[in-house]
Amino acid sequence: MALLLMVTAVTTLTAQTPAQPDWTKIDEETMQHFQALLRFDTTDPPGGEKPAADYLKQVLDKAGIPAQLFALEPNRPNVVARLKGSGSKRPLLLMAHTDTVNVDPKKWTHPPFSATRDGGYVYSRGTVDDKDNVVATLMTLLMIKRQNVPLDRDVIALFEAGEEGTTRVGIQFMANQHFADIDAEYCLAEGGNGSREGGQVKFISVQTLEKIPRAISMTARGVAGHGSVPLQTNSIVHLADAVAKVAKWQPPIRPNETTAAYFKRLASISTPEQAERYRNALSPDSKVSAAADEYLRANEPRHASMLRTSISPNMFTGGYRVNVIPSEATATLDVRTLPDEDPAKFLEEVQRVVNDPSVEIKYTARDVRPGGTTRLNTEAFEAIEANVTKHYKTITLPTMSTGATDMAYLRAKGIQCYGIGPAMDVEDGPKGFGAHSDQERILESELYRFVRFNYDVVMDLVRKK
Ligand SMILES: [Zn+2]
């Protein structure tokens, strides 16, 4: 009995403070898996994530972590692994994609799948998108398994295929056909990063929301005729006028929990002049916000887009001969709605702005990702923020992406999703080393720091308390 009590006491103590992993060894192991994963050419199209998926499964199997492949197409499997917890809390999902965008080998100093280490960097396609998250997830799973500590919830890893344009074989397939295998309370995935300037991390952005991509087509119809006799019904003229009206119109500024927090926090680390603009952009007084908005639209267009549903006219077609007045002309507009925008009402608003019965305005086909929101007042966001402070000693900016990510499919099902990633030099983007750039690289030290951060966030969320 006394012995049993002692064992219980020791177990309880271990449960509260698990020993830290041997980080020097973990760094080496991280690099070894990272390089192995980078050396598989998983460019999408055509995809072909199988070698990477097989590699992950084999590493997990060897560690005693059950992993399963789910494939809509045989050479494009997704990998799901699960560490079991007590079930007192709902699972945590860690998601990362194994495919990458394409490469033009001529543009690379080091071959794009060589995973060359040079001057503190690793060079390869996928280093920051998204094999960094893949390896961080893998290492976190391995470390938790080795710690052998009781968990309050399951930890699920999803290494998905097809994120770069073929979600049909990846997240759509998993969310629609195998949701029970990935269902969770929280999800961590790509979509955030740390912003380094002059070697200093200025802030860490965590993606907590994203806009919903839609497309609107505008078709102007008029009478065809000879170009020598101008007509007031000319479809090109009506379409040009409609496009110009929409472009001049600005959908109203509508901050939400994420963007309000984003601009307030960004103001707290900006110059007084910038800070005033960020705060003014949120002002309920439309005169105050309009001046700030005007500046942002001209100088910080991504910030202007974060404030509202945005419209960008990106395609314009009509006419086929210089001497023929065409009877039809069409424009296609890229619309990114705020997650809570009512699409039908928004379309009515666009029709009202154009106010031309000869122009038909409607939504047109697009791979519409579903919407959903993520809250900031959760255990997950708290854990992320606490570990940003611990590992990066800086501020966390909750961010709404203007673009779309695979988290949209999970948010639509009620999973609270947070996009995280390693710190990157802002100077690296313009040099052509960012995600989807001519070349891609990551700082080794930031990869290691991200693994530590990732592990701590996950442990805070799953460890028995
Ligand atoms: Zn990605």
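Here the structure is shown first, and the text comes after it.
Remember, it's a predicted structure, so these values are computed and weren't measured experimentally.

Q: Explain the overall build of the protein chain to me, and be specific about the residues and the numbers.
A: Looking only at helices and strands, one finds 15 helices and 19 strands in the protein chain. The globule rule puts the C-alpha radius of gyration for 465 residues at 23 Å, and the 25 Å found for the protein chain is close to it. Expressed as lengths along the three principal axes of its C-alpha atoms, the size of the protein chain is roughly 100 × 50 × 45 Å. Counting across all 465 residues of the protein chain, residues that qualify as buried make up 54%. Of the roughly 20,400 Å² that the protein chain leaves accessible, carbon and sulfur atoms contribute 54%.

Q: Tell me about the sheet that holds strand S4 (residues 116-118), residues and numbers included.
A: Whenever strands of a sheet pair, they do so through backbone hydrogen bonds, lying parallel or antiparallel. Ordered in space as S4-S5-S19, the three strands form an open sheet in which the pairing is antiparallel. Edge positions in the sheet fall to S4 and strand S19 (441-443), since each has one partner strand and no second. Across the sheet, the axes of successive neighbouring strands diverge by a mean angle of 25 degrees, strand direction being ignored. As judged from the three bridges shared by S4 and strand S5 (residues 121-123), these two strands associate in the antiparallel manner. The partner of aspartate 118 across the bridge, within S5, is tyrosine 121.

Q: Which residues make up the side chain of arginine 214, and what values go with them?
A: Along the chain, arginine 214 turns up in strand S10 (residues 212-221). Although arginine 214 is buried, it forms no salt bridge, and the closest oppositely charged side chain is aspartate 342 at an N-O distance of 8.0 Å.

Q: Lay out the sheet that holds S10 with the relevant residues and their values.
A: Here we have four strands laid out as an open sheet, ordered S12-S14-S10-S15, and antiparallel in their pairing. Each edge of the open sheet carries a strand with a single partner, namely strand S12 (310-318) and strand S15 (359-363). When the angles between neighbouring strand axes are averaged without regard to direction, this sheet yields 20 degrees. Sheet analysis places S10 next to S15, joined by five bridges and oriented antiparallel.

Q: Describe the coordination of the zinc ion, naming the residues involved and giving the relevant values.
A: For the zinc ion, the full set of protein donor atoms is His97 (NE2), Asp129 (OD), Glu190 (OE) and Glu190 (OE), and the range of their distances to it is 1.9 to 2.6 Å. Around the zinc ion, the four donor atoms are arranged such that angles at the metal cover 53 to 149 degrees; this shape is classified as irregular. As a motif over one chain, the donors of the zinc ion read H-x31-D-x60-E. Taken together, the residues span a long stretch of sequence, with histidine 97 in strand S3 (residues 92-97) and glutamate 190 in the loop between strand S7 (186-189) and strand S8 (193-197) at a distance of 93 residues. The class of glutamate 190 is buried, set by a relative accessible area of 15%.

Q: Please give an account of the layout of surface pockets that cites residues and values.
A: Considered as a void within the structure, the largest pocket measures approximately 1,300 Å³ in volume. Looking at the largest pocket, it is lined by 50 residues, and the ones nearest its centre are Gly191, Asn193, Ser205, Arg302 and Met424. Those elements giving two or more residues to the lining of the largest pocket turn out to be helix H4 (131-147), S8, strand S9 (200-210), helix H8 (257-268), helix H9 (272-281), helix H11 (301-306), strand S16 (395-401) and strand S18 (423-425). When the residues that make up the lining of the largest pocket are grouped by side-chain class, the tally is 15 nonpolar, 22 polar and 13 charged. Space inside the second largest pocket adds up to approximately 260 Å³. What lines the second largest pocket is a set of 16 residues, among which Gln250, Ser305, Arg308, Ser310 and Ile311 lie closest to the centre. Mapped onto the lining of the second largest pocket, the elements with two or more residues apiece are helix H7 (235-248), H11, S12 and strand S14 (328-337). Looking at the lining of the second largest pocket, its residues break down into seven nonpolar, five polar and four charged.

Q: Provide a residue-level description of the nonpolar core, including the pertinent values.
A: With 66 residues, the main nonpolar core has Leu60, Leu141, Leu188 and Ile384 as its most contacted residues. Top element by residues in this core is helix H15 (residues 444-462). It accounts for eleven residues. In this view, isoleucine 384 contacts Leu188, Val206, Tyr418, Ile420, Phe453 and Val457; residues no more than four positions away in its chain are not counted.

Q: Describe a nonpolar patch on the surface, listing the residues and the values that go with them.
A: A contiguous nonpolar surface patch, about 230 Å² in accessible area, is contributed by Val223, Val229 and Leu231. Its place among the elements puts valine 229 in the loop between strand S11 (225-226) and H7. Since its relative accessible area comes to 49%, valine 229 is described here as partly exposed.

Q: Can you explain the pattern of salt bridges? Please cite residues and give values.
A: Scanning the model with the defined rule gives 37 salt bridges in all. Where aspartate 340 meets arginine 254, a salt bridge forms, and the shortest distance between an N and an O atom there is 3.2 Å. One end of the pair, aspartate 340, is in the loop between S14 and helix H12 (343-354); the other, arginine 254, is in the loop between H7 and H8, with 86 residues separating them in the sequence. For aspartate 340, a relative accessible area of 52% gives the class exposed.

Q: Could you give me a rundown of the packing of aromatic side chains, with the residues and numbers involved?
A: All chains considered together, the criterion is met by ten aromatic pairs. Sitting above the plane of the tyrosine 295 ring, arginine 277 keeps its charged end 3.4 Å from the centroid. For the cation-ring pair, arginine 441 lies above phenylalanine 433, with the distance from its terminal atom to the ring centre recorded as 3.9 Å.

Conventions adopted
Residues numbered from 1 in each chain as written. Predicted model: local features only at pLDDT ≥ 70, side-chain atom pairs only at ≥ 80, totals over all residues. Heavy atoms only, no water. Helix = DSSP H or I, 4+ residues; strand = E, 2+ residues; numbered from the N terminus. Rg over C-alpha atoms; globule rule 2.2 N^0.38 Å. Buried < 20%, exposed > 50% of the residue type's maximum accessible area, 1.4 Å probe, protein only. Areas by Shrake-Rupley, 256 points an atom, 1.4 Å probe, with all protein chains shown as cover. Pairing = 2+ DSSP bridges. Axes fitted to C-alpha atoms, helices over the stretch in contact; angles between N-to-C directions. Lys, Arg positive; Asp, Glu negative; His and termini not counted. Salt bridge = Lys/Arg side-chain N within 4 Å of Asp/Glu carboxyl O. Donors = N, O, S within 2.8 Å, 3.2 Å for Na, K, Ca; no water. Tetrahedral: all angles 85-135°; square planar, octahedral: opposite > 155°, others 65-115°. 1 Å grid on protein atoms, 1.4 Å probe; cavity = no way out; pocket = protein on both sides within 12 Å on 5 of 7 lines; lining within 4 Å. Points joined across faces, edges and corners; volume = space filled by probe spheres on them. Nonpolar A, V, L, I, M, F, W, Y, C, P; charged D, E, K, R; others polar. Core = buried A, V, L, I, M, F, W, Y, C linked by side-chain atoms within 4.5 Å. Contact = heavy atoms within 4.5 Å. Patch = residues over 30% accessible without salt bridge, like charges linked within 9 Å, V, L, I, M, F, W, Y side chains within 5 Å. Phe/Tyr/Trp six-rings, centres within 6.5 Å; stacked < 30°, edge-to-face > 60°. Lys NZ or Arg CZ within 6 Å of the ring centre and 35° of its normal.

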